[in-house]
Amino acid sequence: MASLDNKVAYITGAASGIGKEIAIEFARAGAHIVVADLNKEAADATAAEIAKLGVKAIGVAVDVTNEEQVDASVQQAVAALGNIDVLISNAGIQIVHPVHEFSFADWKKMLAIHLDGAFLTTRACVKQMIASGKGGSIIYMGSVHSKEASLLKAPYVTAKHGLIGLAKTVAKEGAAHNIRANVICPGFVRTPLVEKQIPEQAKTLGISEQEVVKNVMLKETVDGEFTTTADVAQVALMFASFPTNALTGQSLVVSHGWFMQ
Ligand code: NAD
């Protein structure tokens, strides 16, 4: 297994779903974990669960759209665990409507969480990675929607495409400091974020929930299977533990063949 021995990973949205699985997988690989989440109670519970694996773990309350909170949480993490070696910018939500029915407020909320959040956490962590002189690895949670569009998801698709631009820029700027940046692009993963969408899409599209799963979410996959949190965590581990700048500025799709590059 790849080793992250004594590395420190700051993971946003780590109190649930994909982020939580990455946090657990990284802890198994020896990393100390910062569970950074809007939901403080769930972040603390996740950190307590992770600490049982024999690494250090702290829960920090942060809204990734809030500049002061992001900066303060990164400082808190460095004070508690000594450094930040890996950032997983993963916190996210989904709101689905046809574009002509999207409120401006919901559009801005989506872009703020996915893009402002990625920028603010990147800036805070890159400062620390440069100051430490050790560099680091930045991993953005993109989506197949970083490459492809779907009905009803205008701001999500826009934001997830945007993350690839951010990663490429950070890869170029970071190289001199041994900082790498990459994007993971999962297909549908059955987390709370997706469970919520199934009835919503059924209602908007006028089809059954089973049809949403079979004919909307998994239709283009090679085998009709959901991607799992474990699949995504393995890819995150590969990016985080990769030792050189040979692997930077990339986006990797993990989707049972839904999207093929
Ligand atoms: P999830 O709902 O299980 O977890 C998201 C976590 O983010 C929650 O713990 C939530 O509290 C936290 N969060 C939300 N807003 C936040 C904010 N403003 N500040 C800090 N934390 C916040 O969702 P998930 O499915 O695990 O999604 C994680 C990421 O993976 C998202 O970026 C999502 O777009 C992406 N993704 C998910 C899928 C999927 O099918 N589930 C597919 C591709 C990409």
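Structure: see above.
What you are looking at is a predicted structure, and each value in this text was computed from that prediction instead of being measured.

Engineer: Just to check I follow, could you spell out the sheet that holds strand E4 (residues 86-89) for this structure?
Structural biologist: Sheet strands line up and pair through hydrogen bonds in the backbone, either parallel or antiparallel. Taking strand neighbours across the sheet as the criterion, the seven strands line up as E3-E2-E1-E4-E5-E6-E7 in an open arrangement whose pairing is parallel. At either end of the open sheet lies a strand with only one pairing partner, and these are strand E3 (57-61) and strand E7 (251-254). Averaged over neighbouring strand pairs, the angle between their axes works out to 20 degrees when direction is ignored. Sheet topology places strand E6 (residues 179-186) next to E7; four bridges connect them, and they run parallel. Each residue of the ladder has a partner; that of Ile 184, found in E7, is Leu 252. Packing against the sheet, helix H3 (residues 67-81) makes contact with strand E1 (8-12), strand E2 (32-37) and E3, and its axis sits at approximately 160 degrees to E3.

Engineer: Quick question: what am I supposed to make of the nonpolar core here?
Structural biologist: Across soluble globular proteins, nonpolar side chains have a tendency to be buried as a group. Judged by nonpolar contacts, the single largest core of 43 residues is most densely connected at Tyr 10, Ile 84, Ile 138, Tyr 140 and Met 217. Residue contributions to this core peak at six residues, all from helix H4 (residues 104-132). Excluding residues within four positions of it along the chain, Met 217 makes contact with Phe 188, Val 194, Gln 197, Ile 198, Val 212 and Phe 226.

Engineer: What should I look at first to understand the site of the ligand in this one?
Structural biologist: Looking at the ligand, there are 28 residues lining it, with Ser 16, Asp 37, Tyr 156, Val 189 and Thr 191 nearest. Ser 16 places a side-chain nitrogen or oxygen 2.6 Å from an oxygen atom of the ligand. At 2.6 Å, a backbone N or O of Val 189 approaches an oxygen atom of the ligand. Counting only elements with at least two residues in the shell around the ligand, the list comes to helix H1 (17-28), H4, helix H5 (154-174) and helix H6 (192-205). Sorting elements by how many residues they give to the shell around the ligand places H6 first, with three residues. Across the shell around the ligand, the residue classes tally to 15 nonpolar, 10 polar and three charged.

Engineer: Before we go on, may I ask you to explain the pairing of E2 in this structure?
Structural biologist: On any regular strand, side chains alternate: one points to one face of the sheet, the next to the other face. Within E2, six of the six residues are buried, which leaves it mostly tucked inside the rest of the structure. Residues His 32, Val 34 and Ala 36 line one face of E2 and the alternating positions Ile 33, Val 35 and Asp 37 line the opposite face, and both faces are buried. Here E1 runs beside E2; their pairing, made up of five bridges, is parallel. Each residue of the ladder has a partner; that of Tyr 10, found in E2, is Val 34. In terms of handedness, the path from E1 via H1 over to E2 forms a crossover that is right-handed.

Engineer: Please explain the environment of Gly 257 as it appears in this structure.
Structural biologist: Mapping Gly 257 onto the fold places it in the segment after E7. Take Gly 257: its relative accessible area is 23%, and that puts it in the partly exposed class. Between the C-alpha atoms of Gly 257 and Glu 220, which are 37 residues apart in sequence, the distance is 7.4 Å. Ignoring sequence-local partners within four residues, the contact set of Gly 257 consists of Glu 220, Thr 221 and Val 222.

What counts as what
Residues numbered from 1 in each chain as written. Predicted model: local features only at pLDDT ≥ 70, side-chain atom pairs only at ≥ 80, totals over all residues. Heavy atoms only, no water. Pairing = 2+ DSSP bridges. Helix = DSSP H or I, 4+ residues; strand = E, 2+ residues; numbered from the N terminus. Axes fitted to C-alpha atoms, helices over the stretch in contact; angles between N-to-C directions. Contact = heavy atoms within 4.5 Å. Core = buried A, V, L, I, M, F, W, Y, C linked by side-chain atoms within 4.5 Å. Buried < 20%, exposed > 50% of the residue type's maximum accessible area, 1.4 Å probe, protein only. Near = heavy atom within 4 Å. Polar contact = N/O pair within 3.5 Å; in protein donor to acceptor, adjacent residues only side chain to side chain. Nonpolar A, V, L, I, M, F, W, Y, C, P; charged D, E, K, R; others polar. Right-handed = clockwise from strand over helix to strand, strands pointing away.

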